[in-house]
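# Structural features, examined
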Amino acid sequence: MNSKLTLSMDTAVIASMKGYASENNYSISQLVENFFKSILSSRNTTDKISPLVQELSGIIPSEDTGEDYIDYLERKYE
């Protein structure tokens, strides 16, 4: 269930965050809620993944098998 919350902040911060939210397809409410959730989850346990990380999981394809890094290490320690 959603409820309204009124916040007071510097107008420059609000303007900047509105731009950030718009560029990233978020609303200010979503940003604030995700921020609050991340605080609460980190307070309860350090093992949980933040809501933002959960949301972003799977976006970056994991095609890299790590072979480049293995090759680098082999050359480094020859």
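Only a predicted model underlies this, so the values are computations on that prediction, with no experimental measurement involved. (Residues numbered from 1 in each chain as written. Predicted model: local features only at pLDDT ≥ 70, side-chain atom pairs only at ≥ 80, totals over all residues. Heavy atoms only, no water.)

## Quick word on a nonpolar patch on the surface
Using the following cut-off: Patch membership requires over 30% relative accessible area and the absence of a salt bridge. Like charges are linked within 9 Å, and nonpolar side chains (Val, Leu, Ile, Met, Phe, Trp, Tyr) within 5 Å. Only the protein chains shown count as cover for residues, and the accessible areas themselves come from Shrake-Rupley with a 1.4 Å probe. A carboxyl oxygen of Asp or Glu within 4 Å of a side-chain nitrogen of Lys or Arg is what we treat as a salt bridge. Numbered from the N terminus, helices here are DSSP runs of H or I no shorter than four residues, and strands are runs of E no shorter than two.
Where nonpolar side chains cluster on the molecular surface, the patch consists of Leu5, Leu7, Met9, Val13, Ile14, Met17, Tyr20, Ile28, Phe35, Phe36 and Ile39 and spans about 970 Å² of accessible area. Going through the elements one at a time, α1 (11–23) and α2 (28–44) are the ones with two or more residues in the nonpolar patch. Mapped onto the elements, Met17 comes out in helix α1.

## A short note on the confidence of the model for the protein chain
In low-pLDDT segments, the atomic positions of the prediction should not be examined closely. Quick note on the threshold: Across the chain, each position has a pLDDT score giving the predictor's confidence in that residue, from 0 to 100.
Of all residues in the protein chain, 82% have pLDDT values of 70 or greater, and the mean over the chain is 82. When pLDDT is averaged over each helix and strand of the protein chain, the minimum, 77, is found for helix α3 (residues 51–56) and the maximum, 93, for α1.

## Quick notes on the layout of surface pockets
The line we're drawing: Detection works on a 1 Å grid of protein atoms alone, calling trapped sets that fit a 1.4 Å probe cavities and calling open sets with protein on both sides within 12 Å along at least five of seven lines pockets, with lining residues defined by an atom within 4 Å of a point. Grid points are joined across faces, edges and corners, and a volume is the space filled by probe spheres set on the points.
Of the pockets and cavities examined, the largest pocket occupies roughly 770 Å³. Ile28, Ser29, Leu31, Val32 and Glu33 are, among the 25 residues lining the largest pocket, the residues nearest its centre. Of all the secondary structure elements, the ones that give two or more residues to the lining of the largest pocket are α1, α2 and α3. Looking at the lining of the largest pocket element by element, the count peaks at ten residues for α2.

## Details of the pattern of salt bridges
Here is the rule: The rule is simple: take the accessible area with a 1.4 Å probe, protein chains only, and divide by the maximum for that residue type; under 20% is buried, over 50% is exposed, in between is partly exposed.
This structure, assessed with the given rule, holds one salt bridge. As a salt-bridge pair, Glu33 and Lys37 come within 3.1 Å of each other at their nearest N and O atoms. One end of the pair is Glu33 and the other is Lys37, both in helix α2 and four residues apart, which spans about a single turn. Taking the relative accessible area as the measure of exposure, Glu33 reaches 39% and is therefore partly exposed.

## What to know about a negative patch on the surface
Test applied: His is not counted, nor are the chain ends, whereas Lys and Arg count as positive and Asp and Glu as negative. The atom standing in for a charge is NZ when the residue is Lys, CZ when it is Arg, CG when it is Asp and CD when it is Glu.
On the surface, Glu67, Asp68, Asp71, Glu74 and Glu78 cluster together to form a negatively charged patch. For Glu74, the position within the fold is in helix α4 (residues 67–76).

## Re the environment of Ser38
Looking at the element boundaries, Ser38 is found in helix α2. Counting along the chain gives 14 residues from Ser38 to Leu52, while the straight-line C-alpha distance between them is 7.9 Å.

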